[in-house]
2 protein chains.
Amino acid sequence: MGVVRKTKSVQTILEIFNQTEEAISVVELIERLKSQMNKTTIYRILERLEEDALLHSFLGHDGVKWYAKCHECSSHDHHDVHPHFQCVDCGKVDCVEIDVTIPKIPNRQVMNSNVLIRGRCEECV
Amino acid sequence: MGVVRKTKSVQTILEIFNQTEEAISVVELIERLKSQMNKTTIYRILERLEEDALLHSFLGHDGVKWYAKCHECSSHDHHDVHPHFQCVDCGKVDCVEIDVTIPKIPNRQVMNSNVLIRGRCEECV
DNA sequence: AACCTTATTGCAACTATGTTGCAATAATAG
DNA sequence: CTATTATTGCAACATAGTTGCAATAAGGTT
Ligand SMILES: [Mn+2]
Ligand SMILES: [Mn+2]
Ligand SMILES: [Zn+2]
Ligand SMILES: [Zn+2]
């Protein structure tokens, strides 16, 4: 159903994502907000913000969930499908707006793809 | 250290991977072998077989670990870096030997990338 | 074949991420 | 201000994966 009521918790989380271009892992968010709200609340708010296409999510290399701001999405056109880049040195993750084209695969119908790139970010290079 | 002793358990797991070209999730393997060996043993054998470059691993869309046979790898040249394809209908996962080129990203040093493709497999198309 | 060394295994307990049910709380419409 | 119900906190649960340690068994040596 998405976010209906602009509660204090929703605002707090939205502000955090508006203050950075980086992706934030749920683990990091729980740690950062543990004195202010319950982890269940965090999971649920993130879910609702993704439904509203204000955030999008993906899995990092260790399988934990990350979220980042959406830019060109609306709730009925929610296709923030771009690669994500994780720095092996500082751990920072961000969205990269490059086009990775998946070639046709014989006899198979490609629907979408997740690309997770590892390397060194601008600050760690 | 890799596999040193060819135990019954190691042989069982190797046979399973040699009977198919498909990837197998650890979850599936634990289920299939639960009457024959402990899950800890399974995790540890898979780890050692990966060290030996007989298997390689990656994460599926839900974050669980999958393993598949290596083809052109040796323990000091273990770069089974190809995309993996997960069928949204039957759940089957396999290695696809296509080249997905990651374009250069300004100011960033790309080291490697994981590509997970979703779609319908030959049997489900 | 019996023996020794130590890699491997099973088990139980633990960690971590994520989910669920339900009662209490608080946004907001009227 | 009041009523409705979306949202929250909490505790309990689910599942994937890890760890320490004692028991077992490969496989080399005598
Ligand atoms: Mn993104
Ligand atoms: Mn593969
Ligand atoms: Zn960095
Ligand atoms: Zn299929």
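Scope of this entry: the structure provided in the associated data block. Given the structure is predicted, the values throughout are model-derived calculations rather than measurements.

## Some points on the protein's contact with DNA strand D
Piece 1. Around DNA strand D lies a shell of 25 residues, among which Val4(A), Thr7(A), Thr41(A), Arg44(A) and Arg48(A) are the nearest.
Piece 2. Counting only the atoms of DNA strand D that lie within 4 Å of the protein, the sugar and phosphate share comes to 57%.
Piece 3. At a separation of 2.5 Å, a phosphate oxygen of DNA strand D approaches a polar side-chain atom of Arg48(A).
Piece 4. Of all the secondary structure elements, the ones that give two or more residues to the surface near DNA strand D are helix 3 (39–51) of chain A together with helix 2 (26–33) and helix 3 (39–51) of chain B.
Piece 5. Ranked by residues supplied to the surface near DNA strand D, first place goes to helix 3 of chain A with five residues.
Piece 6. Here the residues of the surface near DNA strand D are counted per class, giving nine nonpolar, eight polar and eight charged.

## What to know about the packing of helix 2 (residues 26–33) of chain A against helix 3 of chain A
All names here are of chain A.
Piece 1. The contact between helix 2 and helix 3 brings their axes to 10 Å, and the two run at 130°. Here helix 3 runs oblique to helix 2, going by the angle between their axes. In this structure, helix 2 crosses over helix 3, and the sense of that crossing is right-handed. In this structure, helix 2 contributes Val26, Leu29, Ile30 and Leu33 to the contact, and helix 3 contributes Lys39, Ile42, Tyr43 and Leu46.
Piece 2. Residues of the contact of helix 2 with helix 3, tallied by class, amount to seven nonpolar, no polar and one charged.

## Some words on the coordination of the manganese ion (ligand 1)
Under ideal tetrahedral coordination, the four donors around a metal are separated by 109.5 degrees; under ideal octahedral coordination, the six donors are separated by 90 or 180 degrees.
Residues and elements named next belong to chain A.
Piece 1. With distances of 2.0 to 2.2 Å, the protein atoms coordinating the manganese ion (ligand 1) are His56 (NE2), His82 (NE2), His84 (NE2) and Cys95 (SG).
Piece 2. Summarised as a motif, the one-chain spacing of the donors to the manganese ion (ligand 1) is H-x25-H-x1-H-x10-C. You can see His56 sitting in strand 2 (residues 55–59) and its partner Cys95 sitting in strand 5 (residues 93–95), a full 39 residues away along the chain.

## Some details on the packing of aromatic side chains
Piece 1. Following the criterion strictly, the structure yields zero aromatic pairs over all chains and no others.
Piece 2. The ring of Phe85(B) has Arg108(A) lying over it, and the distance from NZ or CZ to the ring centre is 5.1 Å.

## Concerning the protein's contact with DNA strand C
Piece 1. Lining the immediate surroundings of DNA strand C are 25 residues, of which Val4(B), Thr7(B), Thr41(B), Arg44(B) and Arg48(B) lie closest.
Piece 2. Considering DNA strand C, the proportion of its atoms within 4 Å of the protein that are sugar or phosphate atoms stands at 58%.
Piece 3. In this structure, a phosphate oxygen belonging to DNA strand C sits 3.1 Å away from a main-chain N or O atom of Lys6(A).
Piece 4. In the model, a phosphate oxygen of DNA strand C is placed 2.9 Å from a nitrogen or oxygen of the Arg5(B) main chain.
Piece 5. Among the secondary structure elements, those contributing two or more residues to the surface near DNA strand C are helix 2 and helix 3 of chain A together with helix 3 of chain B.

## Remarks on helix 2 of chain B
Piece 1. Along helix 2 of chain B, the residues that are buried comprise Val26(B), Leu29(B) and Leu33(B). End-on view of helix 2 of chain B: buried residues confined to an arc of 60°, all on one side of the axis.

## Concerning the interface of chain A and chain B
Piece 1. In this complex, chain A contributes 33 residues to the contact, which on the side of chain B involves 33 residues.
Piece 2. Here chain A packs against chain B, burying approximately 2,600 Å² in sum over the two surfaces, 61% of which is carbon and sulfur.
Piece 3. At the junction of chain A with chain B, the criterion picks out four salt bridges.
Piece 4. Glu122(B) is the partner of Arg108(A) in a salt bridge, and the nearest nitrogen-oxygen pair spans 3.9 Å.
Piece 5. Joining chain A to chain B, the criterion identifies ten residue pairs in polar contact (both at pLDDT 80 or more).
Piece 6. Per-element accounting of the side of chain A that touches chain B gives the leading share, twelve residues, to strand 6 (residues 109–120) of chain A.
Piece 7. When the residues that make up the side of chain A that touches chain B are grouped by side-chain class, the tally is 16 nonpolar, ten polar and seven charged.
Piece 8. Pairing between strand 6 of chain A and strand 6 (residues 109–120) of chain B: eleven bridges, direction antiparallel. Looking across to strand 6 of chain B, one finds that Asn114(A) is bridged to Leu116(B).

## A few points about the nonpolar core
Piece 1. Within the largest apolar cluster, 18 residues are counted, with the highest numbers of intra-cluster contacts made by Ile117(A) and Ile117(B).
Piece 2. Residue assignment for this core shows that the elements contributing at least two residues are strand 4 (84–87) and strand 6 of chain A together with strand 4 (84–87) and strand 6 of chain B.
Piece 3. With residues up to four places along the chain from it excluded, the contact list for Ile117(A) reads His61(A), Pro83(A), His84(A), Phe85(A), Gln86(A), Val96(A), Ile98(A), Ile102(B), Ile105(B), Val110(B), Asn112(B) and Ser113(B).

Calculation criteria
Residues numbered from 1 in each chain as written. Chains lettered and ligands numbered in written order. Predicted model: local features only at pLDDT ≥ 70, side-chain atom pairs only at ≥ 80, totals over all residues. Heavy atoms only, no water. Near = heavy atom within 4 Å. Polar contact = N/O pair within 3.5 Å; in protein donor to acceptor, adjacent residues only side chain to side chain. Helix = DSSP H or I, 4+ residues; strand = E, 2+ residues; numbered from the N terminus. Nonpolar A, V, L, I, M, F, W, Y, C, P; charged D, E, K, R; others polar. Axes fitted to C-alpha atoms, helices over the stretch in contact; angles between N-to-C directions. Parallel < 35°, antiparallel > 145°, perpendicular 65-115°, else oblique. Left-handed = near helix turned anticlockwise from the far one by under 90°. Contact = heavy atoms within 4.5 Å. Donors = N, O, S within 2.8 Å, 3.2 Å for Na, K, Ca; no water. Phe/Tyr/Trp six-rings, centres within 6.5 Å; stacked < 30°, edge-to-face > 60°. Lys NZ or Arg CZ within 6 Å of the ring centre and 35° of its normal. Buried < 20%, exposed > 50% of the residue type's maximum accessible area, 1.4 Å probe, protein only. Arc of directions from axis to C-beta. Buried area = accessible area lost by both parts, 1.4 Å probe. Salt bridge = Lys/Arg side-chain N within 4 Å of Asp/Glu carboxyl O. Pairing = 2+ DSSP bridges. Core = buried A, V, L, I, M, F, W, Y, C linked by side-chain atoms within 4.5 Å.

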